[in-house]
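Listed here are the chains, written in short residue letters.
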Amino acid sequence: MPLALALLLLGLSAPGSRGCLQCDPSVQEALTKLRHALIPSRFHQEQLKARAQALLLGMEGPFFRDYALNAFVGKVGIDKLDHVASFTKNLTQRLMVNSLRDAHLLEELVTFREKVIKELKKALRSYELKACDPKICRLLKEEVLDCLHCQKTSPKCVPRKFCFVDGQPRIDLQYKTDGDYPGNQPMTGILISMFLAIFVFVVIVIA
């Protein structure tokens, strides 16, 4: 576990390691305050404390940047991101004042991260839907944030091969079209069932 924490801390200090939500200093400050408030006093079991520490350090570090780059095109509208930032800070305030401890608090932290991911996903997908549509992307005027470099930039059209599952080989599912299946598939199934029934009957008679 110390090695894992060291890697997380290294990620925090690496150039360009901050992205998306961490481009807002107020969000990072809220997450840091949350970690300092919860870890020392609300966790008594070392294993739970280490897991909670790793979870919060990951959220302060490259976690959201990697999510934005690996699952989406890595850019998000500024107005959408402002909403996610406010949402995240509100949740940190609620966690600061609750009375949960140890395992229950760790479960709440996991839920907290899931909620933030869902809100960030909405923002990332909102931009991707527009940037991947040739008819819409040329008309985009909104300012967007580059999650890798943490810089504001102008919206640009994204090649379709980098959009959605097309740019994600690890979750890309290949579905057959109707043309790949025989047209008389139901009849084939009936014939196979009849053949198996006859075969079983013959085997019983012989036995």
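Residues numbered from 1 in each chain as written. Predicted model: local features only at pLDDT ≥ 70, side-chain atom pairs only at ≥ 80, totals over all residues. Heavy atoms only, no water.

Within an unreviewed UniProt entry, the label attached to the protein chain reads IZUMO family member 2, and the organism entered is Otolemur garnettii. In its Sequence similarities (unreviewed entry) section, the UniProt entry covering the protein chain states "Belongs to the Izumo family." (UniProt positions renumbered as here; feature names shortened; annotations may be inferred.)

Visitor: Explanation requested: the state of the cysteines in the structure shown.
Guide: Note on terminology: a disulfide is the covalent bond linking the sulfur atoms of two cysteines. The full count for this structure, using the stated rule, is three disulfides. Between the sulfur atoms of cysteine 23 and its disulfide mate cysteine 150 the distance is 2.0 Å. You can see cysteine 23 sitting in the loop between helix H1 (2-13) and helix H2 (25-42) and its partner cysteine 150 sitting in the loop between strand S2 (144-146) and strand S3 (151-153), a full 127 residues away along the chain. Judged by relative accessible area, which is 18%, cysteine 23 ranks as buried. Assessed through its relative accessible area of 26%, cysteine 150 is described here as partly exposed. (Disulfide = S-S within 2.5 Å. Helix = DSSP H or I, 4+ residues; strand = E, 2+ residues; numbered from the N terminus. Buried < 20%, exposed > 50% of the residue type's maximum accessible area, 1.4 Å probe, protein only.)

Visitor: I would appreciate a short explanation of the pattern of salt bridges in the present structure.
Guide: Between side chains of opposite charge, a pair can form as their charged atoms come close. As enumerated under the stated definition, the model contains six salt bridges in all. Residue glutamate 119 pairs with lysine 122 through a salt bridge whose shortest N-O separation is 3.2 Å. Highlighted residues: glutamate 119 and lysine 122, both in helix H6 (residues 102-131), separated by three residues, approximately one helical turn. The exposed category is assigned to lysine 122, whose relative accessible area is 55%. (Salt bridge = Lys/Arg side-chain N within 4 Å of Asp/Glu carboxyl O.)

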